[in-house]
Amino acid sequence: MSRPLAIAAAQMGPVVRAETRAQVVERLLLMLRDAADRGAELVVFPELALTSFFPRWELSGDALLTFFERDMPSADTKPLFDEAKRLGVGFHLGYAELTPDGHRYNTAILVERDGRVVAKYRKVHLPGHEEPEAWRPFQHLERKYFEPGPESFRVQRAFGGLVGIAICNDRRWPEAYRVLGLQGVEVVCIGYNTPIHYAPDPGQDRLAAFHNNLVMAAGAYQNATWVVGVAKGGVEEGVEGLSDSQIIGPSGEVVARSATTSDEVVVAVCDLDLCLDYKRTVFDFDRYRRPEMYTRITSQRGAVAPGDADR
Ligand code: CDV
């Protein structure tokens, strides 16, 4: 049996602050058409795809809110929805969401081939810091500008399979994949903006690409799922972001990878039934997991309590 789904990772190069939404949507449309020409049925765009990565700046009032979407689709993004529907292609899109009652989230949606929004996810793991810190070469104020998503990771029946969403920093946390894995996920869409310079510990900078692949490949393999990781990379407003978008199979192997730091589409035909090879064998959760063992760590006699190892 096979359930092929052609997926495109639509990587973006930098978006400068002066770029309008309409200009960005033109770039997305070019990639959408390119992906459709190459047979893609699902096109995955990055996190916060419509603007420059604004958490790098200290902002308030209208200067901040201008980066947020009040409606989706909006007047500027409607051409993307219309063209996707015309082409019969679905997509994943990350954007900054401002709700009618004033909540701000780092959000991604999944749009089916008929134009319906079938899933919305709001980022759970918000990295960075709450207040500006003058010692940094650039800020990472996600924790100031966004609330953590109030809902967990959920799987949606779409594109002939089970699809989940995680956003950027979520990909470093095994819980994100496992919560989706426990729901049988077959494709995890992950958009990211990852500055290569990590100010709290610059020793990690040289490992940015290694860690990116490490976490997504492990998440894919340990949860028997495809993972589609898509960057907004390149040097954006003076900050170098990781590119290296990749489509990873349930074996943990990369089957398609970007080669540039610019707008670039890579396509892979992903057989969703390949997930079953792993879900029915080494990662047969019902047969082999021991959930009853995972909550006992400190209550057992002889277990090492936090801090004991230091004594
Ligand atoms: N946008 C992000 O979530 N970026 C984080 C950085 C700050 C570490 C990431 O995990 O890639």
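Above: the structure in question.
Residues numbered from 1 in each chain as written. Predicted model: local features only at pLDDT ≥ 70, side-chain atom pairs only at ≥ 80, totals over all residues. Heavy atoms only, no water.

Engineer: Looking at this structure, I do not really get the overall build of the protein. What am I missing?
Structural biologist: Helix and strand counts for the protein come out as eight helices and 14 strands. A compact globule built from 311 residues would reach a C-alpha radius of gyration of about 19 Å, and the protein, at 20 Å, matches this within 12%. On the principal axes, the C-alpha backbone points of the protein span a range of 60 × 55 × 40 Å. The 311 residues of the protein split such that 53% are buried. Of the roughly 14200 Å² of accessible surface on the protein, a fraction of 52% belongs to carbon and sulfur atoms. The centroid of the 36 positive side-chain charges in the protein is displaced by 4 Å from the centroid of its 43 negative side-chain charges. (Helix = DSSP H or I, 4+ residues; strand = E, 2+ residues; numbered from the N terminus. Rg over C-alpha atoms; globule rule 2.2 N^0.38 Å. Buried < 20%, exposed > 50% of the residue type's maximum accessible area, 1.4 Å probe, protein only. Areas by Shrake-Rupley, 256 points an atom, 1.4 Å probe, with all protein chains shown as cover. Lys, Arg positive; Asp, Glu negative; His and termini not counted. Charge placed at Lys NZ, Arg CZ, Asp CG, Glu CD.)

Engineer: Would you explain the sheet that holds strand β9 (residues 226-231) in this entry?
Structural biologist: By way of backbone hydrogen bonds, the strands of a sheet pair with one another, either parallel or antiparallel. Here we have six strands laid out as an open sheet, ordered β6-β7-β8-β9-β12-β13, and mixed in their pairing. In this open sheet, the two strands that pair with only one neighbour each are β6 (156-158) and β13 (254-257). This sheet shows a mean twist of 25° between the axes of neighbouring strands, independent of strand direction. Sheet strands in contact with helix α6 (residues 208-222) are β8 (187-192), β9, β12 (246-248) and β13, and its direction is about 30° off that of β12. (Pairing = 2+ DSSP bridges. Axes fitted to C-alpha atoms, helices over the stretch in contact; angles between N-to-C directions. Contact = heavy atoms within 4.5 Å.)

Engineer: I tried to follow the sheet that holds strand β1 (residues 4-11) on my own but got confused; where do I start?
Structural biologist: Taken together, the six strands give an open sheet; going across it, the order is β5-β4-β3-β2-β1-β14, and neighbouring strands pair in mixed fashion. On the outer flanks of this sheet lie β5 (117-122) and β14 (264-271), each paired with one strand and no other. With direction set aside, neighbouring strand axes in the sheet form an average angle of 25°. The sheet contact formed by strand β4 (residues 104-111) and β5 spans five bridges and is antiparallel. Each residue of the ladder has a partner; that of L110, found in β5, is A119.

Engineer: Sorry if this is basic, but what is going on with unusual backbone geometry here?
Structural biologist: Both trends apply: most residues other than glycine have a negative phi, and most peptide bonds are in trans. Between M72 and P73 the backbone carries a cis peptide bond, its omega angle lying at 0°. At A224, a residue that is not glycine, the phi angle is positive and equals roughly 50°. Following the sequence through the fold, A224 ends up in the loop between α6 and β9.

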